[in-house]
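Structural overview
Now for the letters of each chain:
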Amino acid sequence: MARFLHLSDTHLGYKEYMMDLRENDFYESFNEAIDIGLEENVDFFVHTGDLFDTWSPSNRALNEFKKAALKLYSKNKTMYLIMGDHDRPKRTDEIASRIFDFLGVKLLGVNNIENIVLNYNNEDLLISGLSNMKGLRKDNITEEYRKGDIAAKEYKNSILMSHQGVYPYLIKEACEVDSKDLPLNYKYLAFGHVHDSHLIDDRYPVFSYAGSTDINSSNELKHFAKNKKSVNLVDIENGTVNAQQIKLKTTRYQAEIKSDYRNYMKDIDEIVGRRMDNEKDPLLLITIHGDVDRDEIRKKIREIQNVLIKGPVFENEIKRISEKPNLSKLIDYFQAYFNDSDLSALASNIYETIKNEDVNTSYNLIKNLFGMVEK
Ligand SMILES: [Mn+2]
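A few points on the structure. Note that the coordinates shown come from a computational prediction; the quantities given were computed from them, not determined experimentally. (Residues numbered from 1 in each chain as written. Predicted model: local features only at pLDDT ≥ 70, side-chain atom pairs only at ≥ 80, totals over all residues. Heavy atoms only, no water.)

**Re the packing of aromatic side chains**
Any two aromatic rings considered together are summarised by their centre-to-centre distance and by the angle between their planes. On inspection of all chains with the given rule, the structure shows 16 aromatic pairs. Centroid distance Phe-30 to Phe-65: 6.1 Å. Interplanar angle 45 degrees. Geometry classified as tilted. Of this pair, Phe-30 sits in helix α1 (residues 20-39) while Phe-65 sits in helix α2 (residues 59-74), placing them 35 residues apart in sequence. Taken as a pair, Phe-30 and Phe-65 share a single burial class, namely buried. (Phe/Tyr/Trp six-rings, centres within 6.5 Å; stacked < 30°, edge-to-face > 60°. Helix = DSSP H or I, 4+ residues; strand = E, 2+ residues; numbered from the N terminus. Buried < 20%, exposed > 50% of the residue type's maximum accessible area, 1.4 Å probe, protein only.)

Written out as structure tokens, the structure reads:
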């Protein structure tokens with residue numbers, strides 16, 4: 001039997017709301033995930049991308065990862081890794097996670113699917129990795145999956161690591177893959193990119209978005225309130241997969257409160273009271289409606305103990321009528337602007353393709369995208 005921990009989207013270095021404390025939170029939840037794997041005595045770790053929040057992480061983020069990598073190295077545990085859309089560098093730069101290869105951090109599938117074969121208790125296990133394919137790379141996904149699927153056919157035990165938007169886990173415009181086009185010969189599809197966790201284990205291949213280890217945006221609050229954040233502990237043996245979500249305890253509780261001057265204190269108390277078991281002070285995003293004495297409310301909120309407050313944001317009644325659409329992904333903004341899914345997908349595709357490139361490269365990439373070849 002092989003046992004591994006599937007974690008994803010740790011976004012090391014992300015400083016939500018520009019708060020130092022939120023940057024620390026991301027390191028803590030990442031370390032909790034690592035410690036869960038070690039306590040469960042996994043054979044190896046599988047990280048499905050967005051290890052760092054950017055392709056050019058801060059020295060602090062690199063150092064935090066180094067500490068974890070050293071810990072794994074000292075226990076002889078390999079971490080298999082792919083790049084997400086956040087941590088794929090400019091064409092000319094080195095890949096941050098690959099700096100740690102000497103500590104047993106093994107990056108897979110930079111441009112094409114990459115297969116490795118491990119052996120546990122005389123059973124072979126295929127691991128295929130394909131880093132995030134965005135922009136021009138997107139068109140190659142189907143072919144890379146097909147190559148992987150052929151390889152997986154030869155193995156009883158197999159894992160695919162991929163970091164992509166799979167429909168229907170995101171809106172169609174934000175997806176590169178439809179779930180019906182996934183390579184079905186694998187036994188476990190380890191996915192990254194979607195931050196809400198999903199585990200579909202009532203059929204093969206078992207499919208999972210492990211989800212992020214901390215909250216990157218207020219969009220994740222609804223799923224978080226119900227499911228918390230988690231990592232997957234996976235056993236694979238003789239073609240059978242047993243995957244179980246393990247909830248993280250260190251992820252700071254975060255919630256939105258939309259209230260008015262009469263009820264906001266009660267609403268805050270209710271959440272603070274409910275979260276007594278949590279070691280960390282909860283972080284509340286507060287919006288207060290109505291025509292109110294703002295200074296008075298700000299003063300009262302400052303006096304509350306054992307809670308972190310973001311805001312309050314004040315919204316008057318008139319504003320409340322025209323509710324803002326829930327715009328979380330860049331493509332949603334394109335969609336709101338163009339009001340046309342083809343155009344917004346194209347705009348998003350162009351943006352993703354050229355955002356890290358210089359002017360000349362961008363110009364050539366766009367020409368390529370439209371099939372314009374210079375004679
Ligand atoms: Mn991510």
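**Regarding the nonpolar core**
It is characteristic of soluble globular proteins that their nonpolar side chains tend to be buried jointly. Ranked by internal contacts, the top residues of the largest apolar core, which has 33 residues, are Phe-30, Ile-34, Phe-45, Phe-52, Phe-65 and Val-231. For this core, the elements supplying multiple residues, two or more each, are β1 (2-7), α1, α2, β3 (78-81), β4 (105-107) and β13 (230-237). Beyond its immediate stretch of four places on either side in the chain, Phe-52 contacts His-11, Leu-12, Pro-57, Ala-61, Leu-62, Phe-65, His-86, Asp-87, Ala-96, Ser-97 and Phe-100. Ranked by size, the runner-up nonpolar core spans 23 residues in total, among them Leu-126, Ala-151, Leu-160 and Phe-207. (Core = buried A, V, L, I, M, F, W, Y, C linked by side-chain atoms within 4.5 Å. Contact = heavy atoms within 4.5 Å.)

**Some remarks on the coordination of the manganese ion**
Looking at the manganese ion, one finds its protein donor set to be Asp-9 (OD), His-11 (NE2), Asp-50 (OD) and His-195 (NE2), positioned 2.1 to 2.3 Å from the metal centre. Each donor residue of the manganese ion belongs to the same chain, and together they define the spacing D-x1-H-x38-D-x144-H. One end of the pair, Asp-9, is in the loop between β1 and α1; the other, His-195, is in the loop between β10 (188-192) and β11 (198-200), with 186 residues separating them in the sequence. Residue class for His-195 comes out buried when judged on its relative accessible area of 14%. (Donors = N, O, S within 2.8 Å, 3.2 Å for Na, K, Ca; no water.)

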